[in-house]
Amino acid sequence: MSGRALDNPLVVPILGLLLEGPKHPYEVWRELAGPGRDPTVAVNRASVYDLVKALAAENWIAVHGTARAGNRPTRTVYALTPAGHDELVRRLDEQLRTPRREFPQFLTAVGYVGALGPEAAVAALTERAAALRARIAEDEARLAAARRRVPELFVIEADYALHMVRSELVWVDDLIRRIRTGGLAWPESGDRP
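Chemist: Which parts of the structure should I look at to understand the overall build of the chain?
Modeler: What the chain contains, in helices and strands, is 7 helices and 2 strands. The secondary structure elements of the chain, listed N-terminal to C-terminal, are α-α-α-β-β-α-α-α-α. The C-alpha atoms of the chain give a radius of gyration of 22 Å, which is well past the 16 Å a tight globule of 193 residues would have. Each principal axis of the C-alpha atoms in the chain carries an extent, and together these give about 65 × 40 × 35 Å. Split into buried and exposed, the 193 residues of the chain put 30% on the buried side. In the chain, the proportion of contacts linking residues at least 24 apart, taken out of those at least 6 apart, comes to 57%. As displayed, the chain has an accessible area near 13,200 Å², and 55% of this comes from carbon and sulfur atoms. Between the mean site of the 26 positive side-chain charges and the mean site of the 25 negative ones, the chain shows a separation of 5 Å.

Chemist: Where do I start with the packing of helix α6 (residues 118-149) against helix α7 (residues 156-181) in this structure?
Modeler: Helix-helix packing: each pair is described by the crossing angle between the helix axes and the interaxial distance. α7 packs onto α6 with a crossing angle of 155° between their chain directions and a minimal axis gap of 9 Å. Judged by the inter-axis angle, α6 sits roughly antiparallel to α7. In the packing of α6 onto α7, the handedness of the crossing is left-handed. Residue composition of the contact of α6 with α7, grouped by class: 16 nonpolar, 1 polar and 11 charged.

Chemist: In this structure, what is going on with the nonpolar core? I would like to understand it.
Modeler: Soluble globular proteins tend to pack their nonpolar side chains together in the buried interior. In terms of nonpolar packing, the biggest core is built from 21 residues, with Ile14, Leu15, Leu18, Val28, Leu32, Leu55 and Ile61 touching the most fellow members. Of all the secondary-structure elements, those providing two or more residues to this core are α1 (11-20), α2 (25-33), α3 (45-57) and β2 (75-80). Of all the elements, α1 adds the most residues to this core, at 6 residues. Every residue in contact with isoleucine 61, bar those within four places of it in the chain, is listed here: Leu15, Leu18, Val52, Leu55, Ala56, Tyr78, Ala79, Leu80 and Thr81. In this structure, Ala121, Leu125, Ile136 and Val155 belong to the second largest nonpolar core, which totals 19 residues.

Cut-offs and rules
Residues numbered from 1 in each chain as written. Predicted model: local features only at pLDDT ≥ 70, side-chain atom pairs only at ≥ 80, totals over all residues. Heavy atoms only, no water. Helix = DSSP H or I, 4+ residues; strand = E, 2+ residues; numbered from the N terminus. Rg over C-alpha atoms; globule rule 2.2 N^0.38 Å. Buried < 20%, exposed > 50% of the residue type's maximum accessible area, 1.4 Å probe, protein only. Contact = heavy atoms within 4.5 Å. Areas by Shrake-Rupley, 256 points an atom, 1.4 Å probe, with all protein chains shown as cover. Lys, Arg positive; Asp, Glu negative; His and termini not counted. Charge placed at Lys NZ, Arg CZ, Asp CG, Glu CD. Axes fitted to C-alpha atoms, helices over the stretch in contact; angles between N-to-C directions. Parallel < 35°, antiparallel > 145°, perpendicular 65-115°, else oblique. Left-handed = near helix turned anticlockwise from the far one by under 90°. Nonpolar A, V, L, I, M, F, W, Y, C, P; charged D, E, K, R; others polar. Core = buried A, V, L, I, M, F, W, Y, C linked by side-chain atoms within 4.5 Å.

Everything listed here is a matter of coordinates, which is why it stays silent on function.
Right, dumping it as structure tokens:
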């Protein structure tokens, strides 16, 4: 597997999960794809298995043993190596220090919101705001429950994600207000570039 595989955004979460303890690739995949995980990173089982092979080839993880549950097939269990721990720490340090531009689909859609016209834009944004409010309520409840079970440090990423959604809601509500009040100039149909 090429070094390009090691640029995959799933490398850090996989190494991070193995920091918690040895796991087999299926278990890693279930945790990465399960509820409460980062929805911006596409996770499929094949990519997790391929990355596990690449991480093992780099000696960042190593076979820890095998596990078998019931009549399921035997699974190879991997553990983080010292080199893998060092790489995880290096990547985390870099990612925390260095802001990068991230481009969610919403950012692209906002760039072309003018194509909808003011009424349709307000309708779409109002629906988004309602969905964000519902997500915030769900995330607040999940985070509160998680904080009762584990130390806050273990759910810090959920706290960050909640803050990001709250910030987005404030911005969307303000954009709706600006469109409704005429504070955001909307070109006439003949004035488009």
